[in-house]
Amino acid sequence: MRPDELRTYLAKQHGKSLLRFLTCGSVDDGKSTLIGRLLHDTKVIFEDQLKTLEKDSRKHGTTGENIDFALLLDGLEAERQQGITIDVAYRFFATEKRKFIVADTPGHEQYTRNMATGASNSDLAIILLDARKGVLTQTRRHAYICALLGIRHVVLAVNKLDLGDAEAKDVFEAWDEQFRAFASKLGFASIVSIPMSALRGDNVIAQSQVFDWYRGPTLLAHLETVDIESDRRARSFRMPVQWVNRPNLDFRGFAGTIASGLVRAGDPVVVASSGRTSVVSRIVTMDGDLAEAGAGDAVTLTLKDEVDISRGDVLAPPNARPEVADQFAAHLLWMAEEELLPGRQYLIKIGTKTVPASVTELKHKVDVNSLEHLAAKTLQLNEVGFCNFSTTAPFAFDPYGESREGGGFIVIDRFTNGTVGAGMIEFGLRRATNVHLQAIDVNKSARASMKGQKPVILWFTGLSGSGKSTIANIVERKLHDLRHHTYILDGDNVRHGLNRDLGFTDANRVENIRRVAEAAKLFVDAGMIVLVSFISPFRSERRTARELVEAGEFLEVFIDTPIEVCMTRDPKGLYKRAKAGEIKNFTGIDSPYEVPEKPEIHVRTVDITPEDAADQIVARLRSAGVIP
Amino acid sequence: MAAPAQTRSRSPHLKRLEAESIFIMREVAAEFANPVMLYSIGKDSSVMLHLAMKAFYPAKPPFPLLHVDTTWKFREMITFREENVKRLGLKLIVHINEDGVRAGINPFDSGSSVHTQVMKTEGLKQALDKYGFDAAFGGARRDEEKSRAKERIFSFRTAAHGWDPKNQRPELWNLFNARIKKGESIRVFPLSNWTELDIWEYILAEGIPIVPLYFAAKRPVVERDGALIMRDDERMKLLPGEKVEERLVRFRTLGCYPLTGAIESPATTLEEIVAEMFTARTSERQGRVIDHDENASMEKKKREGYF
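Not measured: the values here are computed from a predicted model.

(A) Seen up close, the overall build of chain A. What chain A contains, in helices and strands, is 18 helices and 27 strands. For chain A, the C-alpha radius of gyration of 38 Å lies well beyond 25 Å, the compact-globule estimate for 628 residues. By principal-axis analysis of the C-alpha atoms, chain A measures approximately 125 × 60 × 40 Å. Taken across its 628 residues, chain A has 55% of its residues classed as buried. Sequence-distant contacts, at least 24 apart, represent 71% of the contacts inside chain A between residues at least 6 apart. Of the charged side chains in chain A, 79 are positive and 84 negative; the average position of the first set lies 4 Å away from that of the second.

This is the structure in structure tokens:
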């Protein structure tokens, strides 16, 4: 190749898409032979490899004079000795139109987990079928697992069709029909059946002269052109944080691979599990900052705000968040010799998050032949079931049907550390669908229990200058020191805002207290201990306030200070001005004070300090069970 | 003359491979206590190291490099190793199996099999045990060899460093199981899905420095058992009838010089090397003496702890 040809070649690489597919089906249906044929005919096999293969074929081969392509793929000693495929092999080839990664997976039921491994990253499955045997249990099992793992496109390769012409056509059509009848329940987007002889190469790359009744594409032609719709970039943005990058104090980046969607500098993002939001400030790569990055890109994001984010968190747009739950329903493929034990704690890894989890209920297992649901207590190796899971902490996910990255998880045994299961989340259990997790209403008692207290109104009443506000302030400070959540409503913060339109007429006093009582009720609903400090001279208003809240939530605190003492104290000179007639409707002078008849707390202030008074009140709160 | 922009940029395919490798490296950095990157100085190692620089940028990779030196590497490789590590500002650990050196193990008298077993495999195990590494990156690719094609990206090793190919952990999606017990370890292959051609296209697109031995030059070679062996120093004794010739050669892979065959080639630029790849009809491993020693030799070596 000359340099100018090289440039043409390299330019062409930019237009090539990638197709990942697997070959599956029962033992001896010719999977390895088919891939060997593909690799050979697309000229991936080097001369020295071919020479070794020819040598091996003579020694171990099962194909007579022909090259035994299985030997090219069955790379393990045990596989060559037993003549079977045990584990998945990944091979690579390319044509003018596409690049391919093919997973050659084992046919034995015993190694189904290795078949599932190959299927998990594939977009298309070639299910081989031996024309002499037809649709077998393994054919159905593999078709079902492919569907379960989200593969949308299937090729049914009817192989070993080495029969006479008319007969071959009938056989092909019969198997095609039988397979479609089964697969129609699995929801594939496309099923293409191709008559084939992998050994001879018929309809693999070259159109077969033998099956001249077949008008469809060859296998390779189909693989080159099948439309694997990828909507990963069109979906909502998701990035599981892999690693927090902190090279120095000035840089804090969140490294991860974007699972879906797009992100741009300036986009708002939310940490799904905590609900904390921020804005993307930079998309950092070694090749320079990007303005935009999309699904599949490995990037490092920096955010505008200091947000607590660690490995396992998922970043998403605030208006399109993933689900966050600690219970979910999922399909589970069991992959260990040791059976699944519902109730035992395993680890699950989803995205970059690993969390302890157990199966709380095994709803049913699936019969791969009939797709029927069967009652089950456990799952054995290679069985598929539908289960409810419970995790020790909530985590973010999307249903597997929407996102392989967001809903696929592995199950790890805590003792052996083996990967024992593969799961696909169907939906989260957050509503009344599960008795173990009643939706918790955020209500008064929920709010209060988070604060470790009983919400109450402490209604301080007493004459002007009796010491209400002084004592209420001390009580609040003491409660605060005990880590309780409190709030004071008094003339200072209410008269200047909420009630600034009100004067001191009787009607206005009544409205003033009504509003204060309503506001206090809202604070009680918020779970708070609210201290109301108003003269509130009329019994009826105090009773109205009491009746707004539940029994036990209103504690009347009578700050009992004789008027003579109040007049002597007269801290603001109000009594003096009232007596001089400068202030009208002053309580105790020209407006009555109706003394509480049965206050919950009665504090006589004459011989004690405000500090003592506050202590008395706190002690009463304790005995009343308001605080512990 | 500068190549057109498109040959100097990553195709979507290379970007995908790059992102996959970076993801794997970040998983290891996040999940393991004490990872290390095996650095063998060759082209795959150069790509792996370049990807590590990208994965953790602007930080440096949070693990050291380890070179298991058999004392028979090409001298130019050692020079390149020192320069490269210095340029990137990374920590390099060089380990030599001193037991093997004392026992006089060498590829000529001991044979390639024993030499590799003692100086490479045993040396590697010594180094992993000495520093207590729980994860080790290797630059192996699945297209290299058929037992490699079967290996997981996270490949579990027992406390004795053994690989059990019949009992590998299922590896679904991109969910790697990094859980191990004390003493066990994981070999990690971030380049699993790259092909030899991808490696060269990427080196070309990213302008990654590689050992000059990959480029054609007049070099002193001896023809032995059908391979062109470069006589890199006096330790290589000539057999009767052998003579050293200056030939225009280069290397497709690099290892111990007595075990690495050169190919005759006029390719002196990256473009020419990549162009040559298309006409190559033999695999890169053909130049390696060790793979042909016995049947299934790679799998056997891997079971014993080889990378």
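(B) Structural context of the environment of B:Ala159. Its place among the elements puts B:Ala159 in the loop between β5 (154-157) and β6 (185-188). Sequence separation between B:Ala159 and B:Gly104 is 55 residues, and the spatial gap between their C-alpha atoms is 28 Å.

(C) Region of interest: the packing of helix α6 (residues 112-120) of chain A against helix α7 (residues 137-148) of chain A. Residues and elements named next belong to chain A. Here α6 crosses α7 at 40°, and the two axes come no closer than 10 Å. Of the possible angle classes, the one that applies to α6 and α7 is oblique. Viewed along their axes, α6 and α7 form a crossing whose handedness is right-handed. Side by side, α6 and α7 meet where Thr 112, Met 115 and Ala 116 of the first sit next to Gln 138, Arg 141, His 142, Ile 145 and Cys 146 of the second.

(D) Molecular detail of the nonpolar core. Within the largest apolar cluster, 87 residues are counted, with the highest numbers of intra-cluster contacts made by A:Phe21 and A:Ile126. In this structure, B:Leu17, B:Met25, B:Leu49 and B:Val222 belong to the second largest nonpolar core, which totals 77 residues.

(E) A look at the pairing of strand β1 (residues 35-38) of chain B. Residues and elements named next belong to chain B. Burial of β1 is two-sided: the residues Pro 35 and Met 37 facing one way and the residues Val 36 and Leu 38 facing the other way are all buried. Taken together, the 2 bridges between β1 and strand β2 (residues 65-68) define a ladder with parallel strand orientation. By the bridge assignment for β2, Met 37 is matched with Leu 65. Crossover handedness for the path β1 to helix α2 (residues 43-56) to β2: right-handed.

(F) Spatial organisation of α7(A). Here α7(A) is 12 residues long and its end C-alpha atoms lie 16 Å apart, about the 16 Å a rise of 1.5 Å per residue gives. Of the positions making up α7(A), those classed as buried are A:Gln138, A:Thr139, A:Arg140, A:Arg141, A:His142, A:Ala143, A:Tyr144, A:Ile145, A:Cys146, A:Ala147 and A:Leu148.

(G) Spotlight on the pattern of salt bridges. Residue and element names in this part refer to chain B. According to the stated counting rule, one finds 63 salt bridges over all chains in the structure shown. Where Lys 54 meets Glu 18, a salt bridge forms, and the shortest distance between an N and an O atom there is 2.7 Å. Of this pair, Lys 54 sits in helix α2 while Glu 18 sits in helix α1 (residues 12-31), placing them 36 residues apart in sequence. Using a relative accessible area of 7% as the deciding quantity, one classes Lys 54 as buried. Across the pair Glu 122 and Lys 125 runs a salt bridge, and its minimum N-O distance is 3.4 Å. Taken as a pair, Glu 122 and Lys 125 lie in helix α5 (residues 111-131) at a separation of 3 residues, close to a single helical turn.

(H) Representation of the domain arrangement of chain B in the model. Residues and elements named next belong to chain B. Along its sequence, chain B is organised into domain 1 (11-200 + 295-303) and domain 2 (212-292). In this structure, domain 1 and domain 2 have C-alpha centres spaced 24 Å apart. The partner domain 2 presents 29 residues to the 25 residues of domain 1 that form the contact. Summed over both partners, the interface of domain 1 with domain 2 comes to about 2700 Å²; 62% of that surface belongs to carbon and sulfur atoms. Counting the surface domain 1 buries against domain 2, the share from its top three residues, Trp 72, Phe 74 and Trp 200, is 30%. On the surface where domain 1 and domain 2 come into contact, there are 2 salt bridges. Between Glu 196 and Arg 252 there is a salt bridge, and its shortest N-O distance comes to 3.0 Å.

(I) Geometry of the interface of chain A and chain B. The partner chain B presents 74 residues to the 84 residues of chain A that form the contact. Where chain A abuts chain B, roughly 6800 Å² becomes buried across the two surfaces, and 57% of that area is made up of carbon and sulfur atoms. Counting the surface chain A buries against chain B, the share from its top three residues, A:His14, A:Trp243 and A:Met286, is 11%. Applying the counting criterion to the chain A and chain B interface returns 8 salt bridges. A:Arg311 is paired through a salt bridge with B:Glu31; the nearest N and O atoms lie 2.7 Å apart. Inspection of the region where chain A meets chain B yields 29 residue pairs in polar contact (both at pLDDT 80 or more).

(J) Just the packing of aromatic side chains, in detail. Within the structure shown, the criterion is met by 32 aromatic pairs over all chains. Considering the side-chain rings of A:Phe328 and A:Phe395, the 5.6 Å spacing of their centres and the 85° angle between planes classify their relative orientation as edge-to-face. Placement of A:Phe328 in strand β16 (residues 323-334) and of A:Phe395 in strand β20 (residues 384-397) is noted, with a sequence separation of 67 residues between them. Accessibility classification places A:Phe328 together with A:Phe395 in one group, the buried group. Put simply, the rings of A:Phe328, A:Phe389, A:Phe395, A:Phe397 and A:Phe409 touch in pairs and so form one group of aromatic residues. When the ring centre of B:Trp72 is taken as reference, the NZ or CZ atom of B:Arg235 above it lies at 3.7 Å.

(K) Representation of empty space enclosed by the protein in the model. Residue and element names in this part refer to chain A. Evaluated as defined, the whole model comprises 7 cavities of 30 Å³ or more. Lining the second largest cavity are 16 residues, and of these Pro 240, Val 314, Ala 396, Glu 405 and Gly 406 sit closest to its centre. Breaking the lining of the second largest cavity down by element, the ones donating at least two residues are β20 and α10 (404-407). Residue classes in the lining of the second largest cavity are distributed as 7 nonpolar, 5 polar and 4 charged. Both domains that furnish three or more residues to the lining of the second largest cavity are identified here as domain 2 (239-316) and domain 3 (324-428).

(L) Up close: the sheet that holds strand β10 (residues 261-264) of chain B. Residue and element names in this part refer to chain B. The 4 strands lie next to each other as β7-β8-β10-β9, forming a closed barrel whose pairing is antiparallel. The mean inter-strand angle of the sheet, taken between neighbouring strand axes irrespective of direction, is 70°. Of the strand pairs in this sheet, strand β7 (residues 217-224) and strand β8 (residues 227-230) are connected by 4 bridges, and their pairing is antiparallel. When the sheet's bridge partners are listed, Val 222 is paired in β8 with Ile 229.

About the cut-offs
Residues numbered from 1 in each chain as written. Chains lettered and ligands numbered in written order. Predicted model: local features only at pLDDT ≥ 70, side-chain atom pairs only at ≥ 80, totals over all residues. Heavy atoms only, no water. Helix = DSSP H or I, 4+ residues; strand = E, 2+ residues; numbered from the N terminus. Rg over C-alpha atoms; globule rule 2.2 N^0.38 Å. Buried < 20%, exposed > 50% of the residue type's maximum accessible area, 1.4 Å probe, protein only. Contact = heavy atoms within 4.5 Å. Lys, Arg positive; Asp, Glu negative; His and termini not counted. Charge placed at Lys NZ, Arg CZ, Asp CG, Glu CD. Axes fitted to C-alpha atoms, helices over the stretch in contact; angles between N-to-C directions. Parallel < 35°, antiparallel > 145°, perpendicular 65-115°, else oblique. Left-handed = near helix turned anticlockwise from the far one by under 90°. Core = buried A, V, L, I, M, F, W, Y, C linked by side-chain atoms within 4.5 Å. Pairing = 2+ DSSP bridges. Right-handed = clockwise from strand over helix to strand, strands pointing away. Expected span 1.5 Å × (residues − 1). Salt bridge = Lys/Arg side-chain N within 4 Å of Asp/Glu carboxyl O. Domains from an automatic or database assignment. Buried area = accessible area lost by both parts, 1.4 Å probe. Polar contact = N/O pair within 3.5 Å; in protein donor to acceptor, adjacent residues only side chain to side chain. Phe/Tyr/Trp six-rings, centres within 6.5 Å; stacked < 30°, edge-to-face > 60°. Lys NZ or Arg CZ within 6 Å of the ring centre and 35° of its normal. 1 Å grid on protein atoms, 1.4 Å probe; cavity = no way out; pocket = protein on both sides within 12 Å on 5 of 7 lines; lining within 4 Å. Points joined across faces, edges and corners; volume = space filled by probe spheres on them. Nonpolar A, V, L, I, M, F, W, Y, C, P; charged D, E, K, R; others polar.

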